[in-house]
Each structure stands twice: as structure tokens, then as C-alpha cells.
Amino acid sequence: MDKFVIKTPRQSKQKSQPNQAKKELKQATIESLQRVVVVEDIMRLKVTLELENQNKEILLQALQELDRKIPSREVLLSTKIGHTLNHIRKHADPEVATKAKTIRNKWKQFIKEKSDKPVIEVRADAKTEKQRSSARKLLAGAVGLPENSKLVENIEREVFHQNSRLLNNSYRKTMRTMIFAAKNNEEVRTQVKDGSLSVPQFIAKYRR
């Protein structure tokens, strides 16, 4: 007579707990850490805050990003972001002013108490900065603004940020397309300069 072995599932010694929620683990990137400061992002947000007639929503969004970082004393001195916050805390809108004041005070307190804590600073290399400077110069000429225009700097920094801070094909194509559009279309030039075509709208319209 043939013998059969019937395998039955092994019973777990631990009782299942259906009501216990599983803890979701989220992987952190180095840039998401508070003490890792990408200097390019500080400069991008600084220019965004300094742009004339900037709307409240964009200002608060920039301040919210800054609130997630605590730059070192060296970064504060080299970027002068503290001066920008000092100016913004006098903004006519109380919500914007309060947020800027809160961030500034938090940074001052942290540096006072924990200035010995290490900070990782991420900066772009000289070759990258040279190519970006050339792109800004061409964009400034196309729009009809000085090379040191805050508006031109804001546009280029946003394009760079949206391309993960890389001089990739998307960055180059987007910059070329915007330069061509501004150079050959007076209406585009006017809208960019008077703000009727905002920086996010301008980039979104010609992003490649």
C-alpha cells in the first residue's frame, strides 16, 4: 500500500494582529537632511524672495523650503540669505513677515547653541557655473535686461533646479527655447519683464 505524506501549513507561534498598523519606512536622501545644505538651493530661494512684486504664494513656498534647512555661519555669510530674511520680515503681509522672522530666529538660536555641529555643504563646480553664467547672459540679452538682473537669475536657477541641478539635455533645450522665444517675440519679452508671465509660467511654457 502506498504511503502518502500530507504537508499542512505550519502554524505561526505569534498571533496575527490585524489592527496593528504597519510602520511605513521612508528612505531619506542626503539632501533631505537638515544639516546638509545645497548652496545652490539657498541662492535660488534667495533670488526668489528678492524678486520685486513677488506674489505671496511663491514667497511662502520659498520660506517653507528654507525652514527645512539650517545653514552654517559660513553659508549665511557667503550667500547673505540672513539679510534677505531680515528684509522679508518687514513685508506688508503679516503671514510672510512672521514666517521670515521665525526662520531667522531659529537659525540664530541654532548657531548660538550648536555652532560646533558639522555641516555638509554642496556646491557646483567651476565649469558648471561658467556654463550657467553664459546661459544667463544670453537670456538677459534676449529679454532685454542687464546681465545681473534678479529676474534672469531667478529664471535660470529655477530651470537648473527643475533639472535636478544638472546641465542635461532638458536644461539646455529649455534655455535655448526660452532665449529664442524672448529674442523673437516682443510680446513674450514684455510679459516676462512686467510679470504678467510669471517665472513658473514662462518655464512651464517652454520647458523641453
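A brief look at the structure comes next.

How each quantity is defined
- Residues numbered from 1 in each chain as written.
- Predicted model: local features only at pLDDT ≥ 70, side-chain atom pairs only at ≥ 80, totals over all residues.
- Heavy atoms only, no water.
- Helix = DSSP H or I, 4+ residues; strand = E, 2+ residues; numbered from the N terminus.
- Buried < 20%, exposed > 50% of the residue type's maximum accessible area, 1.4 Å probe, protein only.
- Contact = heavy atoms within 4.5 Å.
- Core = buried A, V, L, I, M, F, W, Y, C linked by side-chain atoms within 4.5 Å.
- Salt bridge = Lys/Arg side-chain N within 4 Å of Asp/Glu carboxyl O.

### A few points about the overall build of the protein
Counting its secondary structure elements, the protein contains 10 helices and two strands. Starting at the N terminus and walking to the C terminus, you meet the elements of the protein as β-α-α-α-α-α-β-α-α-α-α-α. Within the protein, the fraction of its 208 residues that count as buried is 38%. Counted over contacts in the protein with a minimum sequence separation of 6, partners at least 24 positions apart contribute 71%.

### Focus: the nonpolar core
Leu139, Ile155, Tyr171, Met175, Met178, Val192 and Phe202 are the most contacted members of the largest nonpolar core, which has 25 residues in total. Secondary structure elements with two or more residues in this core: helix H6 (126-143), helix H7 (150-162), helix H8 (169-184), helix H9 (186-194) and helix H10 (199-206). Membership of the second largest hydrophobic core comes to 21 residues, among which are Val37, Leu63, Leu66 and Ala100.

### Quick word on the pattern of salt bridges
Across all of its chains, the model carries 16 salt bridges by this definition. Ionic pairing is found between aspartate 93 and lysine 56, a salt bridge with its closest N-O pair at 3.4 Å. With aspartate 93 in the loop between helix H4 (81-88) and helix H5 (94-114) and lysine 56 in helix H2 (residues 56-67), the pair connects residues that are 37 residues apart, well separated along the chain. What emerges from the salt-bridge pattern is a single network uniting Glu40, Glu129, Arg132, Arg136, Glu153, Glu156 and Arg157.

The analysis is restricted to geometry; functional conclusions fall outside its scope.
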